[in-house]
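# Fold and contact review
As a plain string of letters, each chain reads:
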Amino acid sequence: MSLYHEAAGILLGPTSHGGSLKSRVFGNKDKDKELKSPPAAVYALALESSKWSPVLKEVIENAQLLQKERKLTPVLAVLLVHDFLVAKGGIALPQTHGLRAAVERHKARLTSEFTRARLRRKCSSVDALRHLVEADARTGPVHPRWIRVNTLKTTVDDQLETTFAGWDVVPTVQDVIRAATESPPKRVLCLDGHIPNLIAVPPGPVFDFAKAEAYKTGALILQDKASCFPAYLLDPRPEDGDIIDACAAPGNKTTHLAAILAERGAFGLESVPAGASAPQQKKKKQKQKGKGQGQGQSEQPTIFAFEKDKHRAQTLDRMVNLAGSDGVTVVHPGHDFLKADPTAAQFRNVRALLLDPSCSGSGIVSRDDAPELFLPADASAPNSNSTTPTGTKDKHHNKKRKRPQASTRNDDDNSSKPLPQLVGDDGETVTVLSSDAELRARIAALASFQLALLQHAFSFPAARRITYSTCSVHAGENEHVVLAALASPAARTNGWRLLARADQPRGMRDWSVRGDAAACAGDEAVADACVRANRDDGRGVMGFFVAAFVRDALGPDGEKKGGEGEEDGPFVRDDNGRIVRDQHGIPTLKATGDKAVTVDEFYGVEDDDSSDNDSDDSDSDSDTEDEREEDSDGPFARDAHGRIIRDGAGLPTLKSTGRTVQLGGGGGADEWGGFED
């Protein structure tokens, strides 16, 4: 079967089960109905032909193509004429193929009618007509195309000089949206003010990302702004240990975590040249760790990515490799996070978890990605008058195939309304529900699963930070789940609480859209700690929800360590979250402004008030140099696995003295992460 017959089958096939065009092309799991043509080619042909179908309908009818070529159906005619007139490569069939010949023998008439259709729309060129077609195909508010610059492989500056060379930088996303509505759209971009390394560009043909080398190599990743909130709010740092992404496919958030860690020096990268990727030298070690063979803390953090669906896990694995984070990410294909043992040795250093579970997907933008398909009048249909010019408003000739909506039901007032639909968390599958009651039941079932996931995350012994997110607009999956989690024994027993807005990273503090206070039982503090994003509100984002949970570190006596606002530790940090150190690698305490330890204590030199014999000075200097040479792996005692030995409060032990490092006057109340930043 040819590409054109398969595309026609997709466009005309039954859609009563719901689903976007993309899900019908790529989500088909029935082996008997597998496409013979490349799915990407089928999708592109069906989508672009649908966009152009109002113009192509005019051309085909006025050229009387279906009257002269009786073997062509209306949908095949639209697909073939699209490629003949619009596609750069022409019709993708051999020159002698019957379908191609049926169109090309009417070349002169089709070309002439295409020119007339363009002029009727007052377009001076085909490019101008193309922009008009894109604008007409758009339904609802314009949303920008969000692009995350993958700092595992490149930098924003590099991309501005290469991929986006010649583009104008505008101050707001609203400027990008306005530029998208102009004809032709302007080549402008906006550097986002909330999420680092995120760029907004106009949608449509102004940026053909599929042809951009940076996109094909994983240096640029298409990711909605709101989808970047969870990893940014989790705020991972190298010294925080390992991370779990509990529901990781397709991998955008997983690779975002790796990129944030790389920027903070987790993998020894001070700067990333274009085309480079995360270090690979420890890939084998990380995979062994993922299988439970590694028993201790790695020199660099590991991201454990769970995905229980094996098919989606393949997508995750491809994304991780393309983005260059495979050296620091362990994928668990077919593994259910709820079945992971929190006390297992491989997870002993997991201190942060990102939870983005299955949800209703009610916040996802533009799920019905195919515009209406306009078909020319069928020559075989009775009473058809294909010679009527389609420029006139003849009702009979405005025949179009509209994507079927969910069936409707009559209420008591005899009015009808569409039934509720749920979009899968992959954004592609749609479940059509039979009633509002079924919608409520479905959300309740999802919320039960989401709460179970949160409670399981609370049970990881070393965990200190968790983000929970959905692409849903329903409070039942968002604020209600958060309230239930906070009230659960798992949260109360383990000391979990919401991360207050004042303690969130700057971009999330500045984001003005917060949780629904009414859905939080009137608790303004809880609502303010939650972050929402509303689609179609002019900010250019999808509907989204995220909240962060934190747990204070506990000392041996069960009391909280540190004070208010100390969630990021006791040391001064720079704008990227890295601990600021002096030339000796010693950090500075926030509370006092003093160094965490003196230089002598750092290198193990005893503080002796008695006067030294001058003749011993040279020997002392020599001994100190020898000690420093021997201590190339740092000044702290380590076990057989190379892990730093710490006391009950997490403080390291100095090799030279056998004493625990004392901070802030010897109180031992704060933990110094040593060289593990």
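In what follows, the accompanying structure is described. Numbering of residues starts from 1 in every chain and runs along the sequence as written. A pLDDT threshold of at least 70 governs which residues receive local features in this predicted model, and a stricter bar of 80 or more applies before side-chain atom pairs are shown or counted, although totals over entire chains, interfaces and linings include all residues. Hydrogens and water are ignored here; the side-chain numbers use all heavy atoms of the structure.

### Quick word on helix α16 (residues 436-458)
Three- or four-residue spacings in an α-helix give side chains the same orientation, since the helix completes a turn every 3.6 residues. As a reminder, the rule being used: Strands are runs of DSSP state E lasting at least two residues, helices are runs of H or I lasting at least four, and both sets are numbered from the N terminus onward. Each helix should span, by expectation, one fewer than its residue count multiplied by 1.5 Å. To sort residues, take the accessible area from a 1.4 Å probe on protein chains only and compare it with the maximum for the residue type: under 20% means buried, over 50% means exposed, and anything in between is partly exposed.
Here α16 contains 23 residues, and its C-alpha end-to-end distance of 33 Å stays within 8% of the 33 Å for a straight helix at 1.5 Å per residue. The set of residues buried in α16 consists of Leu439, Ile443, Leu446, Ala447, Gln450, Leu451, Leu453, Leu454, His456, Ala457 and Phe458.

### Let's talk about the environment of Val59
Note the cut-off: Any pair of residues with heavy atoms lying within 4.5 Å of one another is described as a contacting pair.
Relative to the assigned elements, Val59 resides in helix α3 (residues 39-62). Put simply, Val59 and Thr111 are 52 residues apart on the chain and 8.5 Å apart in space, counted from C-alpha to C-alpha. In this structure, Val59 is in contact with Leu85, Leu110, Glu113, Phe114 and Ala117, ignoring residues within four places of it in sequence.

### Section: the pairing of strand β8 (residues 329-333)
Applied cut-off: Paired strands, in this sense, are two strands between which DSSP finds at least two bridges. Here is how to tell: hold the view so the strands point away, follow the path from the first strand over the helix to the second, and if it runs clockwise the crossover is right-handed.
Most of β8 sits inside the fold, with 4 of its 5 residues counted as buried. As judged from the 5 bridges shared by strand β7 (residues 303-307) and β8, these two strands associate in the parallel manner. Residue Phe306 lies in a different strand from β8, and its bridge partner there is His332. With helix α15 (residues 310-323) bridging β7 and its parallel neighbour β8, the resulting β-α-β unit is right-handed.

### Describing the packing of aromatic side chains
Selection criterion: Paired rings are identified among Phe, Tyr and Trp, the last through its six-membered ring, by centres lying within 6.5 Å, and are further divided according to the angle between planes into stacked (under 30 degrees), edge-to-face (over 60) and tilted (the rest).
If you walk through the whole model with that rule in mind, you get 13 aromatic pairs. Ring geometry for Phe304 and Phe347: centres 5.2 Å apart, planes at 90°, overall edge-to-face. You can see Phe304 sitting in strand β7 and its partner Phe347 sitting in the loop between β8 and β9 (350-355), a full 43 residues away along the chain. Among the residues examined, Phe347 registers a relative accessible area of 4% and is labelled buried.

### Here's the deal with the packing of helix α1 (residues 3-12) against helix α5 (residues 74-85)
To be explicit about the condition: Fitting a line to C-alpha atoms yields each axis, with helices limited to the stretch in contact; the angle taken between N-to-C directions then spans 0 to 180 degrees. Orientation is classified from the angle alone, with under 35 degrees giving roughly parallel, over 145 giving roughly antiparallel, 65 to 115 giving roughly perpendicular, and any other angle giving oblique. What makes a crossing left-handed is the near helix being turned counterclockwise from the far one by less than a right angle; a clockwise turn instead makes it right-handed. All residues other than Ala, Val, Leu, Ile, Met, Phe, Trp, Tyr, Cys, Pro, Asp, Glu, Lys and Arg, Gly among them, are scored as polar; the first ten of these are nonpolar and the last four charged.
Between α1 and α5, the least distance of the axes is 9 Å, while the angle of their chain directions is 125°. Comparing their axes, α5 and α1 come out oblique. α5 is crossed by α1, and the crossing has right-handed handedness. Along the contact surface, α1 presents Tyr4, His5, Ala7, Ala8, Leu11 and Leu12, while α5 presents Val75, Leu76, Leu79, Leu80 and Asp83. Partitioned by chemical class, the residues of the contact of α1 with α5 number 9 nonpolar, 1 polar and 1 charged.

### Notes on the side chain of Ser50
Tracing the backbone through its elements, the reader meets Ser50 in helix α3. Setting aside residues up to four positions removed in sequence, Ser50 forms contacts with Leu11, Pro371, Glu372 and Leu373.

### Details of the pattern of salt bridges
Counted only if it meets this: What makes a salt bridge here is a side-chain nitrogen of Lys or Arg within 4 Å of a carboxyl oxygen of Asp or Glu, nothing more.
If you walk through the whole model with that rule in mind, you get 23 salt bridges. Notably, a salt bridge pairs Arg178 with Asp175, separated by 2.3 Å at the nearest N-O pair. Here Arg178 pairs with Asp175, and both are found in helix α10 (residues 173-180), just 3 residues apart, close to one helical turn. A relative accessible area of 48% places Arg178 in the partly exposed class. Of the residues examined, Asp175 reaches a relative accessible area of 19% and is grouped as buried. Note that Glu307 and Arg312 form a salt bridge whose closest N and O atoms lie 3.8 Å from each other. Residue classification places Glu307 among the buried residues on the basis of a relative accessible area of 7%. One network of salt bridges, in which partners are shared, links Glu48, Lys51 and Glu134.

### A short note on the sheet that holds strand β1 (residues 145-149)
The mixed open sheet is built from 5 strands, whose spatial order is β2-β3-β4-β1-β5. Each having just a single partner strand, β2 (168-169) and β5 (220-222) make up the two edges of the open sheet. Across the sheet, α10 lies against β1, β3 (188-191) and β4 (198-201), angled at about 160° from β3, the strand it touches most. On top of the sheet, helix α13 (residues 252-263) reaches β1 and β5; it is set at about 40° to β1, its chief contact.

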